[in-house]
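# Topology and contacts: notes
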Amino acid sequence: MEKLVNLCYLDITGADKLESMASNVSMLTNLQKLSIFVLGKEKGHKIRELMNLSNLRGELCISGLQNIAEPRDAWIARLSDKSRIGNLKLQWSKDFVNRREEVEKKVLDGLQPFKKLMELNIKFYYGEMLANWVGDSSFNCLQSLCLDGCINLLSLPSIGKLPLLKKVRIKGLRSVRTVGVEFFGEKTTNTFSSLEILEFEGMLNWEKWILCEVNEEARKFPKLRELFIENCPLLLGSMPEYLPSLKKLAIRRCGKLIISVQNFPLLSELEIHGCHEVIYKGFADYSSIKRISFGRISKFSCAAECLRLRSIKVELFEIVDCEELCPSQENNWGLLTQSISLKNLRISNCPQLVSIGTEEEREELMQLKIPSSIELQIYSCKSLKRINRSELPSTLKTLRIKKCPKLESISQEIQDNSSLESIEIYGCDMLKGLPQGLNKLKHCKRIWINNCSNLISLGESGLPTTNLEVLRLYSCRRLQALPGNMHSLNALKKLEIRDCPNVTFILEEGIPTHLTSLRIGGPNIWKAILERDLHTLTCLKSLSISNGCPDAVSFPQDEIGVTLPSSLTHLCISDFPKLESLSSNGFRNLSSLQYLTIENCPNLKTLPGNNMLSSLLELNIVGCPMMEERCKRDKGPEWSKITHIPYVAIRAQTQVLQRNNN
């Protein structure tokens, strides 16, 4: 490498297995960009080779610093002379075995950079104290500081007085117990004047944020926009109360912390997860809050003053994993929903929540009120029995309910002027019916009903006919029939009916003819479509049939004499136990077919002949052992029919055979 004397750029980013730099890097005196300099085991002295690289600029990462045995070598590197390095990363090993604290302290002293440095990252340093130059006021151009995994460090550097500092990230300093005046700087009023982002993470023994010792003016953080505190399990006490520029506040996994949520005038996103208690004091009328997320909170209470405020508008309010969501007066979540106007309410994994609605609360129930203008999402609330509304709000756009196994009822009726656009219900085994008036949903585009084993009917009124584009019914094993107006769903593009064994037929009027995607599972319903409707689906692009005809030996069945729609580009056939051949007659018009999948047809032996698969780009055959044998290269009887296909995958349950002819 020493011969590359004119080399200016050496970027080895991502070379994570590189153990050491090549010899004589010091000869590359024209080098301007060196992304990382790796000190190999027992080769820490090579840091001296940085001495003559005076043209280095931009970002430099030095890793393997634990391999420096003689601290004097760090001084010889002369980082303090390299005026054009703006971003410096100093990285030791995360393996702390046989490390010497006193040596690493001297090494860090010797790695002092040029004083116009803008970004500094120190990772896995083993010392109890940082070098004096870290945080020194002479580094007045520093904009970003990250201390990561410095497990022995006892206190934070005094960086509050650095005038341009914008971002501070403190992570994994597990020996720090308090953060106080040493962080801000003693006898200083104008601290953190430019700080915009402050992050604390993995401070496992941090107990107190001592603010009382700090001058009131000094702890205002006038430009702080984002504050994150995560995985600080012992943290107690208070947080800064006056943060005039704060826009994002996220506190996660701080199990002893009590949070007082009050008015930060510019706050737009609030996330509190895994804390002991939240005291909600409300937001002023002019609040900018848009997103609120609460999760795994043991105790929640609303101060009385929050109810005197006018309702503020919030785009998303989320309650997650709150096992203590219960009727206790100290956990008055219902008061919170009265003080905000919601667009999107998401509730998940709240096992004691029994009822949601606007009817009078009963002592044994915990109710949340549904505002009139919202989107509503409810997930994994195992005790939820009902949504107590006689009518769903007319402005409701999305109704999404998943994994609520005791849910029995969802309102009674749809309003005439409903704005509902999407209905998704999944895993609600006790639900027997949907609200009446689905046909009134002039704006509804999608209805998905999955795994509702006791659902009997979709309602007597029928489905919305104006804009419904997607209808999916899956694993609704007691569903008796489809609504009478199926043939009138002129906007329907995608229809899926699978694992609904009691839906034994499609209505005599037939199914919409403008479908582009059809997925059918079950022999009786497929038989009706095959014999009566398939030839009418002239726009169909994608067709999937599973468990279609248990006794069929050909597909489509030769005795019926039906051909598949010529518009098809995707076709999937699965779970035909006696199927032996794909009918050449049925495939004769498929000149647009590009993707063919055949699954779990153990007796399949014959593919269509006469070049009827000539348009295929991809063929997947899964769990078809006889076909796998007959498609073997050069010796299988079906080989000649697939040799032109660019991609073929033939696989059993665990084995994959692939070929790409291009």
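Let's shift gears to the overall build of the protein. Helix and strand counts for the protein stand at 7 helices and 37 strands. Residues classed as buried in the protein amount to 52% of the 662 residues present. Roughly 30,000 Å² of accessible area belongs to the protein as shown, and the carbon and sulfur atoms make up 45% of that amount.

If you trace the backbone, E230 turns up in strand β12 (residues 226-230). On the accessibility criterion, E230 (18% relative accessible area) is buried. Those residues in contact with E230, other than ones at most four positions away along the chain, are F200, E201, G202, R252 and R253.

Our focus in this paragraph is the side chain of E496. Mapping E496 onto the fold places it in strand β28 (residues 494-498). At a separation of 2.7 Å, a polar atom in the side chain of E496 contacts the side chain of R498. Non-local contacts of E496, meaning those with residues more than four positions away in its chain, are made with L471, R472, L473, Y474 and R519.

The next thing to look at is unusual backbone geometry. Of note, the bond from F555 into P556 is cis; its omega dihedral lies within 30 degrees of zero at -20 degrees. Within the secondary structure, P556 sits in the loop between β31 (554-555) and β32 (570-574). Its identity is not glycine, yet R78 carries a phi of approximately 55 degrees, on the positive side. Among the structural elements, R78 can be located in the loop between α1 (72-76) and β5 (85-91). Positive phi, close to 55 degrees, is recorded for S475, a residue that is not glycine. The topology assignment puts S475 in the loop between β27 (470-474) and β28. Of the residues examined, S475 reaches a relative accessible area of 11% and is grouped as buried.

Of the residues making up helix α2 (residues 101-110), those classed as buried are V103, E104, K105, V107, L108 and G110. Structurally, α2 contributes buried residues whose contacts are with α1, β5 and β6 (119-123).

Right, let's get into the environment of A491. With respect to the element layout, A491 can be found in the loop between β27 and β28. C-alpha separation for the pair A491 and T513, spaced 22 residues apart in sequence, amounts to 9.7 Å. Ignoring anything within four residues of it in the chain, the contact list for A491 reads T465, T466, N467, L468 and E469.

Using the criterion set out here, one finds 16 aromatic pairs in the structure. Relative to F317, the ring of F294 lies with its centre 6.1 Å away and its plane at 85 degrees, an arrangement referred to as edge-to-face. Highlighted residues: F294 in strand β15 (residues 291-295) and F317 in strand β17 (residues 312-320), separated in sequence by 23 residues. Taken as a pair, F294 and F317 share a single burial class, namely buried. The rings of F183, F184, F192, F200, W206, W209 and F221 are connected pair by pair, giving a single aromatic cluster. Of note, R446 hangs over the ring of W448, and the distance from its end group to the ring centre comes to 4.9 Å. One residue, R472, lies across the ring of W448, its end atom 5.1 Å from the ring centre.

Further remarks concern the environment of N450. By the secondary structure assignment, N450 is in strand β26 (residues 446-450). Overall, the relative accessible area of 8% leaves N450 in the buried class. Among all residues touching N450, those that are not within four sequence positions of it are I425, Y426, G427, R472 and Y474.

Where β32 and strand β34 (residues 595-599) come together, 5 bridges link them in parallel fashion. Pairing of L571 across the sheet is with L596, part of β34. Pairing analysis gives 5 bridges linking β34 to strand β35 (residues 618-622), with the strands arranged parallel. Paired with E599 across the strands is V622, a residue of β35.

Attention now moves to the pattern of salt bridges. A complete count under the given rule lists 27 salt bridges for this structure. Across the pair E638 and R630 runs a salt bridge, and its minimum N-O distance is 3.5 Å. Exposure remark for E638: the relative accessible area of 4% places this residue in the buried category. It is possible to trace a salt-bridge network through shared partners that takes in E230, R252, R253 and E271.

Moving on, we get to the pairing of strand β14 (residues 269-280). Where strand β13 (residues 248-261) meets β14, 10 bridges bridge the pair, whose relative direction is parallel. Each residue of the ladder has a partner; that of A250, found in β14, is E271. With 5 bridges joining them, β14 and β15 adopt parallel strand pairing. If you follow L270 over to β15, its bridge partner there is I292.

What follows is about the confidence of the model for the protein. Overall, the predicted model of the protein reaches an average pLDDT of 84, with 88% of residues at or above 70. Under a pLDDT of 50 for its full length, residues 326-331 has, in the predicted model, 14 contacts with residues more than four places off or in other chains.

Basis of the calculations
Residues numbered from 1 in each chain as written. Predicted model: local features only at pLDDT ≥ 70, side-chain atom pairs only at ≥ 80, totals over all residues. Heavy atoms only, no water. Helix = DSSP H or I, 4+ residues; strand = E, 2+ residues; numbered from the N terminus. Buried < 20%, exposed > 50% of the residue type's maximum accessible area, 1.4 Å probe, protein only. Areas by Shrake-Rupley, 256 points an atom, 1.4 Å probe, with all protein chains shown as cover. Contact = heavy atoms within 4.5 Å. Polar contact = N/O pair within 3.5 Å; in protein donor to acceptor, adjacent residues only side chain to side chain. Phe/Tyr/Trp six-rings, centres within 6.5 Å; stacked < 30°, edge-to-face > 60°. Lys NZ or Arg CZ within 6 Å of the ring centre and 35° of its normal. Pairing = 2+ DSSP bridges. Salt bridge = Lys/Arg side-chain N within 4 Å of Asp/Glu carboxyl O. pLDDT = per-residue confidence, 0-100.

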